[in-house]
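Single-letter residue listing:
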Amino acid sequence: MIEVDHLTKKFDQVTAISDLSFTVVEGEVLGFLGPNGAGKSTTMKVITGFLFPTEGTVKIDGFDITRSPIEAKSLIGYLPEGAPCYGDMTTREFLYFIARIRGYRGAEIKNRVDRVVKEVALETVFHQSIDTLSKGFKRRVGLAQAIMHDPKVLILDEPTDGLDPNQKHHVRELIKNLAKDKIVIISTHILEEVSAVCTRAIIIDQGKIVADGTPAELESRSRYHQAVSIRLTTSHDLAADLAGCPDVDHVEQDSEDPLRYTILAKDGKPIFSAVSELAQSKHWPVSEFHINKGQLEDVFRTITQGLHREIK
Amino acid sequence: MGNLGIIFRRELASYFATPLAYIFIVIFLIMNGIFTFDLGGFYLRGQADLLPFFSFHPWLYLFMVPAVAMGLWADERKTGTIELLMTLPIKLSEAVLGKFLAAWGLTGIALFLTFPFWITVNYLGDPDNGVIMAAYLGSWFMAGGFLAIGSCMSASTKNPVIAFILTVSICFLFVVMGSPIVLNAFPQWTPQFIVDAFAAMGFLTHFDSISKGVLDIRDFLFFAIFIFSWLLASAIVIEIKKAN
């Protein structure tokens, strides 16, 4: 369990994170969201013990990261932003070094390294120096390093940043497989990733938590939640037909495709069946018809930009 | 093997993974040859000792040792690997000491490879090998002093070149501190203890006596404490600066 309690980090006069409190338990994959400079990386650096908190505490399985750093750090696997590795070493040398530092001795070192190399598919670059590797491979070396000791807590700062779609998919599958009995915290600004791998999402902005819930819960806060998307074959006055529908808020017409409409629900009430009945009875020329779960991106923008506006 | 040993091994291996270690050793040996045989008048003196060899070491170290030390921490900060290193379950003291010992080990290897000078002088005459051993040890300790300064300067910047320049400047200060040029510059009314304190901090003061075979434990103690203090300062600087 990770307990973050009233965590504040200041750099000189700048407050990077202020009064952050949350708890993460085993089995959770926590997505850390926020605009650039919101304090995501700083929070991770404090949790992993790289930076000292100005105020507040972080406990990893009961070990305070500032009071018992060695014990706490032993439980954590960490992929820092940009996946820094020692470039002059080969993949093999680097992973052997990490295995030794993580306390493995003798034959166990080779076993451990072989296991992670297989897990993140590094066989082809095993004897290559890290400086010569592509971005995707470097990221995977960083991941291999982080999961070397099968850590209880895995903290990944933008694990898929800069990877191609196949690699992204691979890393996400890896995270899902690892997550079963672990705590995983990933920071990202790719919102589809949160829906894809996370069981919980925290949005932070200006160093504060502005939303905390499952991805589905956050999506339901979108104004597009329960909205119905429709594409017609010929134009038709939908608004007039929908006027009698009490749960429908309004209709939006797509600016690029005038035959595409989005019917928004009032307060996230289900309108799908009402709209579909209406479409049949009024003989709308429908070619596409589907329900919206809500867009995380929309929620993200509303929440984080709302704050900025208040401040300005 | 503890964490200290693991870090030491990694650092030493990384010197040899790049041309740095080889360039350092080769240039160190060539410069020693030039200084000893040409400028030092090794043959002209007609004495079977290595005094000309050792007396140039402070000036040789002044430019060569900072080159070894400049990347110690600056590179870690530049590439971001410091974040990786500092979140591994190791103590800061193990990292600082492990890195320092690796750099010190490299200078030790370079120094060891000057053994042909020792063979030459033994072939030509009958030198006091005890004095030579002591001088070697003293020279190595002095290199450690330079390196410890370099470690601290390297920790204070992301830029290895800046670290190099800062280290050379500060090392120069400590080399000349005990020399008559600096001591004579003090006005007459300066209390004697201040002049003495200055003289006592100078590298030359301590190294001269060691290289002449005056084996005073206090000279070694000076370098040991000097190294310890600068490494402590390195650790403090790393803690303060690692966030930027």
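Residues numbered from 1 in each chain as written. Chains lettered and ligands numbered in written order. Predicted model: local features only at pLDDT ≥ 70, side-chain atom pairs only at ≥ 80, totals over all residues. Heavy atoms only, no water.

**Concerning the layout of surface pockets**
Definition in use: A 1.4 Å probe that fits into a set of points on a 1 Å grid over the protein atoms alone but cannot get out defines a cavity; an open set with protein on both sides within 12 Å along at least five of seven lines defines a pocket, and lining residues are those with an atom within 4 Å of a point. Grid points are joined across faces, edges and corners, and a volume is the space filled by probe spheres set on the points. Strands here are runs of E lasting at least two residues and helices are runs of H or I lasting at least four, both read from the DSSP assignment and numbered beginning at the N terminus. Under this grouping Gly is polar, as are all residues other than the nonpolar Ala, Val, Leu, Ile, Met, Phe, Trp, Tyr, Cys and Pro and the charged Asp, Glu, Lys and Arg.
For the largest pocket, the calculated volume is near 590 Å³. Asp88 of chain A together with Ser14, Gly71, Asp75 and Glu76 of chain B are, among the 26 residues lining the largest pocket, the residues nearest its centre. Of all the secondary structure elements, the ones that give two or more residues to the lining of the largest pocket are α1 (3–17), α5 (57–69) and α6 (71–79) of chain B. With five residues, the single largest contributor to the lining of the largest pocket is α6 of chain B. When the residues that make up the lining of the largest pocket are grouped by side-chain class, the tally is 12 nonpolar, six polar and eight charged. Here the second largest pocket defines a volume of roughly 240 Å³. Forming the boundary of the second largest pocket are 13 residues, of which Met89, Glu93 and Arg100 of chain A together with Arg9 and Ala13 of chain B lie nearest the centre. Of all the secondary-structure elements, those providing two or more residues to the lining of the second largest pocket are α3 (91–101) of chain A together with α1 of chain B. Among the elements that make up the lining of the second largest pocket, the one with the highest residue count is α1 of chain B (six residues). Its residues assigned to classes, the lining of the second largest pocket comprises seven nonpolar, one polar and five charged.

**Things to note about the side chain of threonine 188 of chain A**
All names here are of chain A. Just so we agree on the cut-off: Polar contact is the term for a pair of N or O atoms within 3.5 Å; when the atoms are in protein, one must be able to donate a hydrogen and the other to accept it, and sequence-neighboring residues count only if both atoms are side-chain atoms. When checking whether two residues touch, look at their non-hydrogen atoms; a contact exists if any pair is within 4.5 Å.
With respect to the secondary-structure elements, threonine 188 resides in the loop between β8 (183–187) and α7 (191–197). A distance of 3.4 Å separates polar atoms of two side chains, one belonging to threonine 188 and the other to glutamate 193. Residue contacts for threonine 188: discarding those within four places in its chain leaves Phe32, Leu33, Gly34, Lys40, Glu158, Glu193 and Val194.

**Here's the deal with the domain arrangement of chain A**
To keep it simple, the criterion reads: An automatic or database domain assignment provides the domain bounds reported here.
By domain assignment, chain A separates into domain 1 (2–219) and domain 2 (228–292). Of note, the centres of domain 1 of chain A and domain 2 of chain A, computed from C-alpha atoms alone, are 43 Å apart.

**Quick word on the interface of chain A and chain B**
Which entries qualify depends on this criterion: Two parts placed together each lose some accessible area under a 1.4 Å probe, and adding up what both lose gives the buried area. Salt bridge, as used here: a side-chain nitrogen of Lys or Arg that lies within 4 Å of a carboxyl oxygen of Asp or Glu.
At the junction of the two partners, chain A supplies 25 residues and chain B supplies 26 residues. Note on chain A versus chain B: buried area summed over both sides is about 2,400 Å², and carbon and sulfur give 68% of it. Taken as a group, Phe50, Tyr86 and Ile101 of chain A account for 31% of the area that chain A buries against chain B, more than any other trio of residues on that side. Put simply, lysine 45 of chain A and glutamate 83 of chain B hold a salt bridge, and the shortest N to O gap is 3.9 Å. Connecting chain A to chain B are four residue pairs in polar contact (both at pLDDT 80 or more). Elements supplying a minimum of two residues to the side of chain A that touches chain B: α2 (69–74) and α3 of chain A. The element best represented in the side of chain A that touches chain B is α3 of chain A, accounting for five residues. Tallied by class, the residues present in the side of chain A that touches chain B amount to 15 nonpolar, four polar and six charged.

**What to know about the packing of aromatic side chains**
All names here are of chain B. How we decide: The criterion for an aromatic pair is that two Phe, Tyr or Trp rings (for Trp, the six-membered ring) have centres within 6.5 Å, with stacked assigned to planes under 30 degrees apart, edge-to-face to planes over 60 apart and tilted to the rest. Classification of residues uses two cut-offs on accessible area relative to the type maximum, computed with a 1.4 Å probe and protein chains only: under 20% is buried, over 50% is exposed, and between them is partly exposed.
Going through the model one piece at a time under the given rule, you end up with 28 aromatic pairs over all chains. Between phenylalanine 16 and tyrosine 22, the ring centres sit 5.4 Å apart and the planes meet at 80 degrees, which makes this aromatic pair edge-to-face. For the ring pair tryptophan 104 and tryptophan 140, a centre distance of 3.9 Å and an interplane angle of 10 degrees mean the geometry is stacked. On the criterion of sequence distance, the pair formed by tryptophan 104 in helix α8 (residues 92–112) and tryptophan 140 in helix α10 (residues 129–155) is long-range, its members being 36 residues apart. In this structure tryptophan 104 comes out as buried when scored by relative accessible area, which is 10%.

**Some points on the sheet that holds strand β9 (residues 200–205) of chain A**
Residues and elements named next belong to chain A. Defined as follows: Pairing between strands is defined by DSSP: at least two bridges between the two strands are required. In this analysis an axis means a line fitted to C-alpha atoms, helices contributing only their contacting stretch, and an angle means the value between N-to-C directions, from 0 to 180 degrees.
What the six strands build is an open sheet, ordered β6-β7-β8-β3-β9-β10; its pairing is mixed. What marks the edges here is a single partner per strand, and that holds for β6 (76–79) and β10 (208–213). Put simply, the sheet's adjacent strands are angled 15 degrees from each other on average, direction ignored. Pairing between strand β3 (residues 29–33) and β8: four bridges, direction parallel. Counterpart to valine 29 in the pairing with β8 is valine 184. Along the sheet face, helix α5 (residues 135–147) touches β6 and β7 (153–157) and points at about 170 degrees away from the line of β6.

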